[in-house]
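A structural walkthrough
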Amino acid sequence: QAKLTTGTAEKLKVVLPSIRKDDLEAMQKEFPMRSFDENIMKEPNVYRTYEAITHNGEAIKSIINEQCGDGIMSAIDFYLDVGTTTGKHGEKRVVLTFNGKFLPFIEQSAEDNGVPSPKE
């Protein structure tokens, strides 16, 4: 993840006028840290999302491999969109869209490395 740029900080201030100046400054000076708190899994929305991914994970993997080849979806070059739609009975439904760069598995060999080892 990247630090907040000056231009983005200015836009953020427009959409969140109550944001504190020291928070904006901290976001521009420090890299965000990823972490995991076990307690988040107790939150029902988070748990149900995790459950849906877990139950459908093998099928998702198979479809990704079928459509893209052997590899994985990046969680770094990644966008997530959360929206809603209306079901056929008029109920509100949640739509999650994961948009991650596909990273094909490749075979690497020392002969392909054009940079000499620092040990040499």
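The notes below deal with the structure included here. In every chain, residue numbers begin from 1 and rise along the written sequence. Local features are withheld for residues below a pLDDT of 70 in this predicted model, meaning they are given only at 70 or higher, and side-chain atom pairs are given and counted only at 80 or more; totals for whole chains, interfaces and linings count all residues. The side-chain numbers reported here are obtained from all heavy atoms of the structure, hydrogens and water having been left aside.

A few points about the overall build of the protein
For the protein, the helix and strand inventory stands at three helices and two strands. Each helix corresponds to a stretch of at least 4 residues labelled H or I by DSSP, and each strand to a stretch of at least 2 residues labelled E; elements are numbered beginning at the N terminus. Each helix (α) and strand (β) of the protein, taken in turn from the N terminus, gives the series α-α-α-β-β. For the protein, whose C-alpha radius of gyration is 21 Å, the value lies well above the compact-globule estimate of 14 Å for 120 residues. Based on the C-alpha atoms only, the size of the protein along its principal axes is roughly 60 × 45 × 30 Å. Exposed residues in this analysis have more than 50% of their type's maximum accessible area, buried residues have under 20%, and partly exposed residues fall in between, with area computed by a 1.4 Å probe over protein chains only. Here the protein, with 120 residues, has 7% of them falling under the buried criterion. Per-residue and other accessible areas were derived by the Shrake-Rupley procedure at a 1.4 Å probe size, with only the shown protein chains allowed to occlude residues. Surface accessibility of the protein: about 10,900 Å² in total, with carbon and sulfur atoms responsible for 56%. Counted as positive: Lys and Arg. Counted as negative: Asp and Glu, with His and the chain ends omitted from the count. Charge positions come from single atoms, namely NZ of Lys, CZ of Arg, CG of Asp or CD of Glu. For the protein, the separation between the mean place of its 15 positive charges and that of its 19 negative charges on side chains is 9 Å. Within these notes, the globule rule equals 2.2 Å times the number of residues to the 0.38 power, and the radius of gyration is based on C-alpha atoms.

Things to note about the environment of Ala 59
Within the secondary structure, Ala 59 is located in helix H3 (residues 44–68). On the basis of relative accessible area, Ala 59 is assigned to the partly exposed category, the value being 44%. Each C-alpha atom of the pair Ala 59 and Asp 23 lies 41 Å from the other, and the pair is 36 residues apart in sequence.

Quick notes on the packing of helix H1 (residues 6–15) against helix H2 (residues 21–29)
H2 packs onto H1 with a crossing angle of 155° between their chain directions and a minimal axis gap of 10 Å. The angle between H1 and H2 falls in the class roughly antiparallel. The element H1 and its partner H2 pack so that their crossing is right-handed. Between H1 and H2, the contacting residues are Thr 6, Ala 9, Leu 12 and Lys 13 on the first element and Leu 24, Met 27 and Gln 28 on the second. For helices, the fitted axis covers only the stretch in contact; all axes are lines through C-alpha atoms, and the angles between them, taken along N-to-C directions, range from 0 to 180 degrees. When describing relative orientation, an angle under 35 degrees is termed roughly parallel and one over 145 degrees roughly antiparallel, while 65 to 115 degrees is termed roughly perpendicular and anything else oblique. Less than a right angle of anticlockwise turn of the near helix away from the far helix marks a crossing as left-handed, whereas a clockwise turn marks it as right-handed. Residue contacts are counted whenever heavy atoms from the two residues lie within 4.5 Å of one another.

Side note on the pairing of strand E2 (residues 92–104)
Two strands pair when backbone bridges link them, and strand E1 (residues 71–86) and E2 are joined in this way by 12 bridges, in the antiparallel orientation. The residue of E2 that forms the bridge with Thr 86 is Lys 92. Counting the residues in the hairpin turn of E1 and E2 gives five residues, including Gly 90, whose phi is positive at 85°. One requirement defines pairing of two strands: DSSP has to find at least two bridges between them.

Points about the pattern of salt bridges
What makes a salt bridge here is a side-chain nitrogen of Lys or Arg within 4 Å of a carboxyl oxygen of Asp or Glu, nothing more. Evaluation of the coordinates by the stated rule reveals five salt bridges. Arg 20 is the partner of Asp 23 in a salt bridge, and the nearest nitrogen-oxygen pair spans 3.7 Å. Residue classification places Asp 23 among the partly exposed positions, given a relative accessible area of 33%. With its nearest N and O atoms 2.5 Å apart, the salt bridge here joins Glu 51 to Arg 48. With a gap of three residues between them, Glu 51 and Arg 48 both fall in helix H3, about one helical turn apart. Take Glu 51: its relative accessible area is 22%, and that puts it in the partly exposed class.

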